[in-house]
Amino acid sequence: MHRRIIAPGALAAASLLLAIPASAASYSPGAPGIGDPYYPYYGNGGYDVSHYDLRLRYQPTTDELQGTATIQARTTQDLSRFDLDFLLDVSEVRVNGERASFARAEQHELVVTPKRPLPEGTPLTVVVRYRGVPSTKSAYGFTTWHRTPDGAVAADEPESAWWWFPSNDHPSDKATYDVSVAVPDGTQAVSNGTLRSTDAKRGWTRYSWRQDRPQATYLATLAIGKFDITTSRSERGVPVINAYSKDLGAGAGAARASVERTGEIVDWLSDYFGPYPFATAGGYVPNTTTGYALETQTRVYYSPKQFAKGSNPSLVVHELAHQWYGDDVSLKGWKDIWLNEGFATYAQWLWSEHEGEGTAQQLADHVYSSHAADDPFWTVKPGDPGPDDQFDDAVYDRGAAALQALRDEIGDGAFFRILKGWPKAHAYGNASVADFEKYAEKISGKPLAGLFDTWLYEPTKPSAGAARSFTATDAAAPLPKSWNQIEAAHGGHGTLSR
Ligand code: ARG
Ligand code: ZN
């Protein structure tokens, strides 16, 4: 017990003195968006999150999610109020222990006004209590929360957090996570990182996961359902945790034959990209009907549809390559998407070469020659595709061809030094395409502005002379065997769930 020795009036006066800044005029609201031109209202201004603690309970039969989010952050300006990106129904918000008022704004904004203004550099503990039925919430006319017969999945890009936790939803504000979810006994909850504990009480089991490395909000994932969970270790010692819906039917074999190769593929990729950056690796295959995969950090989301034609290790290569290119080194802005998709696709080409199914050069030749000069494919600029074409084939395939052109220009030595050096140079951070261009010039010692301009920024097909390797073929290059598999691997990336 704490005994007050100061009269309440004096206390109030003293705290007023502390709270009201010398120049109250400098205190302003945090911006409703973090400043990404592709998505002006994604993320928020005025604070920087370091940790999300999500304590949740989910009932699959009703799709009811309830929870408390405790967000550790720090103000980056003198702040009078700030936004979180969130759609569920909020019952209480506290900032540093005190109740804050809150209101909804445009689409997915939750506006929080703390009792007193917050000077720049103030540590914040923001507690948000909430509940809701995520599948009933939409913004901009879509929902990315997917119910399954026995649960639900949150995994989408560029937005999926709004349906399950309040956040500063932009890859430039990375944080660590504790995700703890109680589900009815017999059901499992899968999330990122390491499973710290499972705790059964009164008909509910709580699964507590921890991501101890910085993670972008879109890479946080939650899957609830009836899963078989497998654990193993790669030859080089990376712990692997995979989960398969018990309801995959005849497709279960192909899914496992792909995803169980996670450890082998992580080790193989680490020869190109450097040591695996996270404490665990793995993936999960829920019984969804969506048709894409997502590189959710340490626990990749795979749709069973992508294994419908049989095993698909190339897809696993793609998503695991993102653990370095996308997850470890994340985008500064959504315009930088080539840093994710071009590189993950190029990793598939290296795998194809490794499997003897066609070299990276053959695949690049094929991309080049199978799209005529008047094909709209060439109008998409991988280095700045615009929000509508963020996941267009061109970002993936022309994007990977751009890397082959770079390799041809600077030679294998410099090229592979860059592939391995880049994740190290920006470990657990953020970078832009422009940063990559500078880095490639530094490592190779060559001016590359022309090459990047041709391959990433010109809305036209590069001329045959734009890179040595592409001069050979004008007629369609022979289709390497792996091509169908690669097509299947990212087929669907253009089909947004919204
Ligand atoms: N980054 C994902 C991939 O591995 C693409 C996800 C696209 N998003 C979507 N909702 N389809 O290629
Ligand atoms: Zn990808």
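Residues numbered from 1 in each chain as written. Chains lettered and ligands numbered in written order. Predicted model: local features only at pLDDT ≥ 70, side-chain atom pairs only at ≥ 80, totals over all residues. Heavy atoms only, no water.

**As for the overall build of the chain**
Test applied: Counting from the N terminus, the helices are DSSP H or I runs at least four residues long and the strands are E runs at least two residues long. Accessible area is worked out with a 1.4 Å probe on protein chains only. A residue is then buried under 20% of its type maximum, exposed over 50%, and partly exposed in between. Any two residues whose heavy atoms approach within 4.5 Å at even a single point are treated as in contact.
Looking only at helices and strands, the chain has ten helices and 20 strands in total. Across the 498 residues in the chain, those meeting the buried criterion constitute 57%. Taking contacts inside the chain between residues at least 6 apart in sequence as the whole, the part at least 24 apart equals 71%.

**Notes on the nonpolar core**
Which entries qualify depends on this criterion: The criterion is simple. A nonpolar core is a set of buried Ala, Val, Leu, Ile, Met, Phe, Trp, Tyr and Cys residues joined through side-chain atoms within 4.5 Å.
If you look at the biggest cluster of nonpolar residues, it comprises 138 residues, and the most contacted ones within it are W164, L269, W338 and F436. Take this core: its biggest share by element is 15 residues, from helix α7 (residues 393–425). Excluding residues within four positions of it along the chain, W338 makes contact with F343, P382, V395, G399, A402, L403, V433, F436, F452 and L456.

**Quick word on the coordination of the zinc ion (ligand 2)**
Coordination angles at a metal have ideal targets, namely 109.5 degrees for four tetrahedral donors and 90 or 180 degrees for six octahedral donors. Inclusion rule: Donor atoms: N, O and S within 2.8 Å of the metal, or within 3.2 Å for Na, K and Ca. Because water is excluded, sites can look incomplete.
Protein-derived coordination of the zinc ion (ligand 2) comes from H318 (NE2), H322 (NE2) and E341 (OE), at a distance range of 1.9 to 2.0 Å. Positions of the donor residues of the zinc ion (ligand 2) along the chain correspond to the pattern H-x3-H-x18-E. Taken as a pair, H318 in helix α4 (residues 313–321) and E341 in helix α5 (residues 338–354) lie far apart in primary sequence, 23 residues in all. Across this residue pair, the class does not change: H318 and E341 are buried.

**Side note on the sheet that holds strand β17 (residues 283–285)**
This is how it is decided: At least two DSSP bridges between two strands are needed for those strands to be called paired.
Reading across from one edge, β15-β16-β17-β18 is the order of the four strands in this open sheet, with mixed pairing throughout. Both edges of this open sheet fall to β15 (227–233) and β18 (300–301), since each of them pairs with a single strand only. In this sheet, β18 lies alongside β17 in parallel orientation, the contact comprising two bridges. Bridge pairing in β18 links Y284 to Y301.

**Looking at the sheet that holds strand β11 (residues 188–190)**
Here is the rule: In this analysis, axes come from line fits to C-alpha atoms, helices being fitted only over the stretch in contact, and the angle between any two N-to-C directions falls in the range 0 to 180 degrees.
Reading across from one edge, β8-β9-β14-β11 is the order of the four strands in this open sheet, with antiparallel pairing throughout. Unpaired on one side and paired on the other, β8 (145–148) and β11 mark the two borders of the sheet. Adjacent strand axes in the sheet meet at a mean angle of 20° when their direction is disregarded. Bridge analysis of strand β9 (residues 151–154) against strand β14 (residues 222–225) gives three bridges, and the strand direction is antiparallel.

**Topic: the packing of aromatic side chains**
Heads up, the condition is: Side-chain rings of Phe, Tyr and Trp, where Trp is taken by its six-membered ring, are said to pair if the distance between their centres is within 6.5 Å; with planes under 30 degrees apart they count as stacked, over 60 as edge-to-face, and otherwise as tilted.
All told, the structure shown has 42 aromatic pairs when counted by the stated rule. Seen in terms of ring centroids, Y276 and F278 are 5.8 Å apart; in terms of plane orientation they differ by 85°. Their pairing is edge-to-face. On the accessibility criterion, Y276 (12% relative accessible area) is buried. The class for F278 is buried, based on a relative accessible area of 7%.

**Quick word on the pairing of β9**
A two-sided burial pattern is seen for β9, the buried positions comprising G151 and V153 on one face and A152 and A154 on the other. Here β8 runs beside β9; their pairing, made up of four bridges, is antiparallel. When the bridges of β9 are listed, T148 appears paired with G151. The loop that links β8 with its antiparallel partner β9 comprises two residues.

**Section: the confidence of the model for the chain**
The predicted coordinates ought not to be read in detail in places where the model reports low pLDDT. Just so we agree on the cut-off: Per-residue confidence from the predictor is reported as pLDDT, which spans 0 to 100.
When pLDDT is averaged along the chain, the result is 92, and 89% of the positions lie at 70 or above. Predicted confidence for residues 1–17 stays below pLDDT 50, and this span has three contacts to residues more than four positions away or in other chains. For the stretch residues 488–498, pLDDT sits under 50, and the model shows 31 contacts to residues farther than four places along the chain or on other chains.

**Concerning the pattern of salt bridges**
Proximity of charged atoms lets side chains of opposite charge pair with each other. Put simply, the rule reads: Here, a salt bridge means any side-chain nitrogen of Lys or Arg that lies within 4 Å of a carboxyl oxygen of Asp or Glu.
Here the structure, examined in full by the defined rule, presents 16 salt bridges. The partner of K246 in a salt bridge is D228, with the nearest N and O atoms 2.8 Å apart. In this pair, K246 is assigned in the loop between β16 (239–245) and α2 (252–259) and D228 in strand β15, connecting sequence segments 18 residues apart. Judged by relative accessible area, which is 51%, K246 ranks as exposed.

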